[in-house]
Amino acid sequence: MRRRKFFNWAGIGLLASYFPIALAACSQEAREETSGTEATTKPTTQIPDADGYTTVGTAQELTENGYLIDSKSNLIVFRNSNNNLTAVSTVCTHQGCKLDWKNTSNSLFCSCHGSEFASDGKVLNGPAQSPLSSFEVKEEQESILVKVS
Ligand code: FES
């Protein structure tokens, strides 16, 4: 009987000694999640609205950067000199490699085989033959929205 009582108390003591460590670990994790949320200006999961438009950034970000990239949807948004918005795919139409924006030539460049595309998706240099897919894009209340579905 005494032995059983001893093991019960020892078990409770062991659990009690781990409780502050487990509590501290949970608290640290909660703090990191909070600070990550505060540092991010865009939601990590963007849900399309009823019309299928998804917010990809703000008009201010577009003005400051010259473009907006949505890596989840593989698209890039530009505002041309006539203040019109264009959104095109960042997937090369040759064999599907990812394109990079080149500020020096104002073009989307494919490092796989050297194709180049204009900001409206037209082919500037092959081997790609087809223009990039384009998306409907609009500006509402300082947000840039693209119809991805
Ligand atoms: Fe882009 Fe070939 S995949 S040029």
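Anything mentioned here points back to the structure above.
What counts, and at which threshold
- Residues numbered from 1 in each chain as written.
- Predicted model: local features only at pLDDT ≥ 70, side-chain atom pairs only at ≥ 80, totals over all residues.
- Heavy atoms only, no water.
- Helix = DSSP H or I, 4+ residues; strand = E, 2+ residues; numbered from the N terminus.
- Buried < 20%, exposed > 50% of the residue type's maximum accessible area, 1.4 Å probe, protein only.
- Contact = heavy atoms within 4.5 Å.
- Areas by Shrake-Rupley, 256 points an atom, 1.4 Å probe, with all protein chains shown as cover.
- Pairing = 2+ DSSP bridges.
- Salt bridge = Lys/Arg side-chain N within 4 Å of Asp/Glu carboxyl O.

Student: Run through the overall build of the protein chain, naming residues and quoting values.
Tutor: When you go through the protein chain residue by residue, the secondary structure sums to 2 helices and 11 strands. Counting from the amino terminus, helix and strand elements in the protein chain follow one another as α-β-α-β-β-β-β-β-β-β-β-β-β. Per-residue burial over the protein chain gives 25% buried out of 149 residues. Counting only contacts in the protein chain whose residues sit at least 6 apart along the sequence, the fraction spanning at least 24 positions is 40%. Within the structure as shown, the protein chain displays about 10300 Å² of accessible surface, and the carbon and sulfur contribution to it stands at 53%.

Student: Run through the pairing of strand β6 (residues 107-110), naming residues and quoting values.
Tutor: Inspection of the sheet shows strand β5 (residues 99-102) paired to β6 by 4 bridges, in the antiparallel sense. Note that in β6 the partner of L99 across the bridge is C110. Connecting β5 to the antiparallel partner β6 that follows it, the hairpin turn spans 4 residues, and N106 within it adopts a positive phi of roughly 50 degrees. Alignment of β6 against strand β7 (residues 116-117), held across 2 bridges, turns out to be antiparallel.

Student: So what's going on with the pattern of salt bridges? Residues and values would help.
Tutor: Evaluated as defined, the whole model comprises 3 salt bridges. D120 is the partner of K122 in a salt bridge, and the nearest nitrogen-oxygen pair spans 3.4 Å. On the basis of relative accessibility, which here comes to 52%, the residue K122 falls in the exposed class. E140 is the partner of K138 in a salt bridge, and the nearest nitrogen-oxygen pair spans 3.1 Å. Judged by its relative accessible area of 21%, K138 is partly exposed.

Student: Would you mind going over the sheet that holds β5 in detail, with residue names and values included?
Tutor: Taken in spatial order, the 4 strands make up an open sheet running β5-β6-β7-β8, and their pairing is antiparallel. Unpaired on one side and paired on the other, β5 and β8 (123-125) mark the two borders of the sheet. For β7 and β8, the ladder comprises 2 bridges, and the chain directions are antiparallel. When the bridges of β8 are listed, F117 appears paired with V123.

Student: Quick rundown of the sheet that holds strand β4 (residues 85-89)? Include the residues and the values.
Tutor: Strand order across the open sheet formed by 4 strands is β2-β3-β4-β9, with antiparallel pairing between neighbours. Each edge of the open sheet is held by one strand with a lone partner, namely β2 (68-70) and β9 (134-135). Two elements, β4 and β9, share 2 bridges in a ladder whose sense is antiparallel. Along β9, the bridge assignment pairs V88 with S134.

Student: A description of the environment of S111 should follow, citing residues and the corresponding values.
Tutor: Here S111 shows up in the loop between β6 and β7. With relative accessibility at 54%, the residue S111 sits in the exposed group. Separated by 14 residues in the primary sequence, S111 and C97 have C-alpha atoms spaced 7.9 Å apart.

Student: So what's going on with the pairing of β4? Residues and values would help.
Tutor: Summarising burial for β4: 4 of the 5 residues are buried, a large majority. Bridge count for strand β3 (residues 75-79) against β4 is 5 bridges, and the pairing is antiparallel. The partner of L75 across the bridge, within β4, is S89. Linking β3 to β4, which pair antiparallel, is a turn of 5 residues; within it N83 sits at a positive phi near 70 degrees.

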